[in-house]
Structure formats: C-alpha cells, structure tokens
Amino acid sequence: MTTARPTLDPELHELLADMPLMSQLSQEALAQVRPFSSMPVETLLEGRAIDRREVTVSAPDGTPIPLSVFSPTKTDRTSAAPCVYWMHGGGMVMGDRFSQIDIPLEWLDEFGAVVVSVDYRLAPEATGTALVDDCYQGLLWIAEHAAELGIDPARIIVAGASAGGGLAAGVTLLARDLGTPTIAAQVLIGPMLDHRNTSASSRQFSGGPGVWTREMNEFGWRCLLGDLADDEVPVYVSPALADDLSGLPTTYIDTGSAEVFRDEDTDYATRIWAAGGQAELHVWAGGFHGFDALYPQALISATARRTRTDWLARVLHTNPTA
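Residue positions are counted from 1 within each chain, in the order its sequence is given. The predicted nature of this model means local features are confined to residues of pLDDT at least 70 and side-chain atom pairs, given and counted, to a pLDDT of 80 or more, with totals for whole chains, interfaces and linings taken over all residues. Side-chain calculation: all heavy atoms of the structure are included, whereas hydrogens and water are not.

A. Fine view of the overall build of the protein chain. Scanning the protein chain from N- to C-terminus turns up 12 helices and 8 strands. Taking 322 residues into account, the globule formula puts the C-alpha radius of gyration at 20 Å, and the protein chain, at 18 Å, falls close to it. With the C-alpha coordinates of the protein chain rotated into their principal frame, the extents come out at 65 × 45 × 40 Å. Of all intrachain contacts in the protein chain linking residues separated by at least 6 positions in sequence, the fraction that spans at least 24 positions is 76%. Of the charged side chains in the protein chain, 21 are positive and 42 negative, and the gap between their average positions amounts to 2 Å. Helix and strand assignments follow DSSP, with helices taken as H or I runs no shorter than four residues and strands as E runs no shorter than two, numbered in order from the N terminus. C-alpha atoms define the radius of gyration in this analysis, and the globule rule sets the expected value at 2.2 Å times the number of residues to the power 0.38. Any two residues whose heavy atoms approach within 4.5 Å at even a single point are treated as in contact. Here the positive residues are Lys and Arg and the negative ones are Asp and Glu; neither His nor the chain ends is included. Here the site of a charge means atom NZ of a Lys, CZ of an Arg, CG of an Asp or CD of a Glu.

This is how it looks when you write it as structure tokens:
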C-alpha cells in the first residue's frame, strides 16, 4: 500500500508536470544525466558587475580542487565584505561548482558578498571523507586569503543545497572540532544529512518517480560510502550521526513538506536547539526537493529565497539593500 504523502503546492505541481522524472538512479543513468546537472555560469554573470577568478587548492592527497571566486566589481567600499562559501547539490554524484550558483549570487548582489564555490570530487569516483575533506580545504584557503579576497574573516558563511547542504553541515562540524576556521553561520538548503534513509518522509517518497526519491537517495549514499559499514560512517560524512551538536554557529535550515529530507532536516534543527544552539527552521508546505532552485519563478520559491536572504541580512547586521 502506498504511504500517504503531503500534496504539492498547486503552482509547483503544474510546473513539475512538464519535467521528466525518474524513480531510481543507476551507473548508466548517472552517466546520462551528469552532463545536464549544471548550467553555463556565463549566462548568470551577464549584466552583473562581477569579477571572476579561478584558483586551485590541494586536497590532503594532493588532488587539485578548483574554486571559483566571484567578487563585486571594485567599488569605493572601505569595509571588508562578507563571504559565502558555496557547496553545490547533486546527491554527491553529480553537479559542479556552478550548480545552483544563482542562489549565492543573489547574496553577492544584495550584500556585496564575495562568493567562493568549490568543485569537490564526486562519488563513486571519490568515496568516504574525500568530498567533505575537499570542501574543508577550500574553507581553509578562504580563511588564509581573507585579506587578499577583501573579506571579513569573522563573516564567513558556509552554505549549500541538498548534497552541498550535507557537506556544509559536515564542514561546519569539522571546523568546530578542529577549532578553525571560524564560521559565522551555516545555511543548509534541503540538506542531505543522514545515510540511514529510514525516516517517515523517506518512506513517503518511495516507489515512484520524483525529483529525488528514497531509491535515488540510497544510490547516492551507496556511491559515497562504498564498503563502509554503518558503524564506520564518519559524522562529517553523515552529520545526522553526530551525538553532539553544541558549539555550532547560528544555522538556517529549510526543506519542503513533500520531500525525502524533510524529517532528517527538522530533526537536525531540533537537536541544535536541544544542545542550546540557535537555528531557524522553515518547512515549506507543498515544496518538493530543490523546488526553489528548479522553479525560482514560483511564488513559494520566491518567498523561500527572500526569507533566507532576510535571515542572512539579520545575521550580517547589514541593511538588505546595502
């Protein structure tokens, strides 16, 4: 019997009707969809006063990790800028540093933030902690080059969507445990936090096509974890495993009511509160996974994106129009 599930927002339901959906992923299907998991960044940069720079950092094993740095074109600004460090989505198996980059570029426009996006390695070619380690090395580079980048090292925001949200959470835990660098806030957008995939919401969105189903989620985690047993999975890879969520920076989490990650995301926020931390949680009624990135023109998407930006304005103690 099919598990009952929350209905989609009517506008999203209409928009989604034209999108080809899958129920499962395989290695063969992954090879077909990977080339379409990003869009040319040049389209997004047209008409924007942005300087772009490409750099490379080394992973612990020496693998080169590309970073893209987007900065507001030089102005007479005298104060250091905030920085948004972006980790893209794609189920740990697809996407690149330009995937969903329109989200943090809005914060560049709004706050004059410098945006740095990391091209972490993908599973199954890379497994275990390789992805989160890549992202952490990018964070270290930002902190070490803060003066050169013109950013305030006390206002580094770690952010990501879906798999990138999970990696952002893992990087934040890692930075806390290693004592560096300082992270001012984390923004987790529909984050992929729990490899166990056993929540009520994961069971609700199973057995049929969708944007991201339980079966697709199982595939992504299997590619990332390889042969690791459950008791060998590091908390930095599957942040929901962390027993201690104290000492984290202020956190923004949002998710949809009609998506696989709903319950693990709400649980993560609840546990941050229980540990005495600060978190803001939004569950968008009728939102499916990635709705605001796929259909930014929908009213619910515009509201979700504006709400995140307004929260970030409060965190940065700046006027949203500055």
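B. Inspection of the sheet that holds strand β5 (residues 151–161) at higher detail. With mixed pairing, 8 strands are arranged side by side in an open sheet as β1-β2-β4-β3-β5-β6-β7-β8. Looking at which strands have only one partner, the edges of the open sheet turn out to be β1 (50–58) and β8 (279–284). For this sheet, the mean angle separating the axes of adjacent strands, direction not counted, is 15°. A pair of strands is considered paired only if DSSP assigns at least 2 bridges between the two. As defined by bridge partners, strand β6 (residues 185–189) adjoins strand β7 (residues 250–256) across 5 bridges and the pair is classed as parallel. Bridge pairing in β7 links Gln-186 to Thr-251. Inter-axis angles, ranging from 0 to 180 degrees, are taken between N-to-C directions of lines fitted to C-alpha atoms, where helices are fitted over the stretch in contact.

C. Summary view of the nonpolar core. We call a set of buried residues a nonpolar core when its members are Ala, Val, Leu, Ile, Met, Phe, Trp, Tyr or Cys and they connect through side-chain atoms within 4.5 Å of each other. Each residue is assigned to one of three classes by its accessible area relative to the maximum for its type, calculated with a 1.4 Å probe on protein chains only: buried under 20%, partly exposed between the two thresholds, exposed over 50%. Of all hydrophobic cores here, the largest spans 71 residues; its most connected members are Tyr-85, Met-87, Leu-139, Ile-142 and Tyr-268. Looking at this core element by element, the count peaks at 9 residues for helix α5 (residues 130–144). Residues within four places of Tyr-268 in sequence aside, it is in contact with Ala-169, Leu-173, Leu-188, Leu-193, Pro-239, Ala-240, Leu-245, Leu-248 and Ile-253. Counting residues in each nonpolar core, the second largest holds 36 residues, with Leu-44, Val-84, Val-115 and Trp-284 among its members.

D. Local environment of unusual backbone geometry. Pro-124 follows Ala-123 through a cis peptide bond whose omega is 5°. You can see Pro-124 is positioned in the loop between β4 (114–118) and α5. Of note, the bond from Thr-180 into Pro-181 is cis; its omega dihedral lies within 30 degrees of zero at -10°. With respect to the helices and strands, Pro-181 occurs in the loop between α7 (163–178) and β6. One non-glycine residue, Gln-100, lies in positive phi territory at about 55°. On the secondary structure map, Gln-100 appears in the loop between β3 (81–87) and α4 (102–111). Look at Gln-100 and you get partly exposed, because its relative accessible area is 22%.

E. Fine view of α5. The span expected for a helix works out to 1.5 Å for each residue beyond the first. In a regular helix each residue adds 1.5 Å, so 15 residues correspond to 21 Å; α5 covers 21 Å between its end C-alpha atoms and thus fits that length. By the burial criterion, the buried members of α5 are Ala-130, Leu-131, Val-132, Asp-134, Cys-135, Tyr-136, Gly-138, Leu-139, Leu-140, Trp-141 and Ile-142.

F. Main features of the pairing of β6. With 5 of its 5 residues buried, β6 lies for the most part within the structure. Side-chain alternation along β6 places Ala-185, Val-187 and Ile-189 on one buried face and Gln-186 and Leu-188 on a second face that is also buried. In terms of strand pairing, β5 meets β6 through 5 bridges, oriented parallel. Each residue of the ladder has a partner; that of Ile-157, found in β6, is Ala-185.

G. Representation of the side chain of Ser-301 in the model. With respect to the helices and strands, Ser-301 occurs in helix α12 (residues 299–316). Any N or O atom pair separated by 3.5 Å or less is treated as a polar contact, with the protein-specific requirement of one donor-capable and one acceptor-capable atom, and with residues adjacent in sequence counted only for side-chain atom pairs. Of note is the side chain of Ser-301, whose polar atom sits 2.7 Å from the backbone oxygen of Tyr-295. If we skip the residues at most four places from it in the chain, Ser-301 touches Leu-12, Phe-291, Asp-292, Tyr-295 and Pro-296.

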